[in-house]
Structure formats: C-alpha cells, structure tokens
Amino acid sequence: MAELYLTGKAPDGKRLMIAPITSKKLARCPEPPTDTSGYFLMEEKEGSKDGVITILARVSDAEAAFRLGRLFCMS
C-alpha cells in the first residue's frame, strides 16, 4: 500500500487527515478500530500533536481515499 497522506482543515478549525493508521495515532484514539487496514479519515484539534484523534471513516483503497479527499478539498 502506498503511503498516501492528505490533509485539510474542517470549518471548525480541526485538522483533517487521510492516511494509513500508525501505532502512534492508534494510541491517541479513544475508540481504536479493530481493522487497521486501508486508509482513515481522521480529525484532530489544530496544533494538538499529542491530543485525541477521532476516526471519522475508513476506506479500503487509495482510489477511494483520493475521492474522499477531493470531497473535502484536501491535498
């Protein structure tokens, strides 16, 4: 799986990311997923590198991740 990483900003100021989940990010999830394959749409409070990460969605492949990223105008 390619290391796709897209970022953007939500209207409420939170940082959005689409990327594979890492062990560091899993440790920051209050409800970590059981299936960690694919790509995840995640959000975190802007400027909070050690805060909580919320997983909003999981997609199975890079094409779906790119399409989801386009919906949120992520790059």
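Check the entry above for the structure.
Predicted model, so just to flag it, every value in this text is computed and none were measured. (Residues numbered from 1 in each chain as written. Predicted model: local features only at pLDDT ≥ 70, side-chain atom pairs only at ≥ 80, totals over all residues. Heavy atoms only, no water.)

(A) Highlighting the pairing of strand 1 (residues 6-9). Here strand 1 shows one buried face, formed by Leu6 and Gly8, and one open face, formed by Thr7 and Lys9. Taken together, the four bridges between strand 1 and strand 2 (residues 15-19) define a ladder with antiparallel strand orientation. When the bridges of strand 2 are listed, Gly8 appears paired with Leu16. Between the antiparallel neighbours strand 1 and strand 2 lie five residues, among them Gly13 with a positive phi of about 90°. (Buried < 20%, exposed > 50% of the residue type's maximum accessible area, 1.4 Å probe, protein only. Helix = DSSP H or I, 4+ residues; strand = E, 2+ residues; numbered from the N terminus. Pairing = 2+ DSSP bridges.)

(B) Local environment of the pattern of salt bridges. Here the structure, examined in full by the defined rule, presents five salt bridges. Across the salt bridge formed by Glu44 and Arg15, the nearest N and O atoms sit 2.5 Å from each other. Of this pair, Glu44 sits in strand 3 (residues 39-44) while Arg15 is found in strand 2, placing the two residues 29 residues apart along the sequence. Here Arg28 ties to Glu44 by a salt bridge, and the two come within 2.4 Å at their closest N and O atoms. In this pair, Arg28 is assigned in the loop between helix 1 (23-27) and strand 3 and Glu44 in strand 3, connecting sequence segments 16 residues apart. Note on accessibility: Arg28 and Glu44 belong to one class, buried. Here the residues in one salt-bridge network are Arg15, Arg28 and Glu44, joined through shared partners. (Salt bridge = Lys/Arg side-chain N within 4 Å of Asp/Glu carboxyl O.)

(C) Representation of the side chain of Arg15. Its relative accessible area of 16% is what places Arg15 among the buried residues. Reaching out from Arg15, the side chain makes a polar contact with the side chain of Tyr5 at a distance of 2.5 Å. (Polar contact = N/O pair within 3.5 Å; in protein donor to acceptor, adjacent residues only side chain to side chain.)

(D) Examining the environment of Ala62 more closely. Residue placement: Ala62 occurs in helix 2 (residues 62-71). Residue classification places Ala62 among the partly exposed residues on the basis of a relative accessible area of 28%. Separated by 57 residues in sequence, Ala62 and Tyr5 have C-alpha atoms that sit 9.9 Å apart. Not counting residues up to four positions away in its chain, the partners in contact with Ala62 are Leu4 and Tyr39. (Contact = heavy atoms within 4.5 Å.)

So far we have only geometry, and geometry alone does not tell us how the molecule works.
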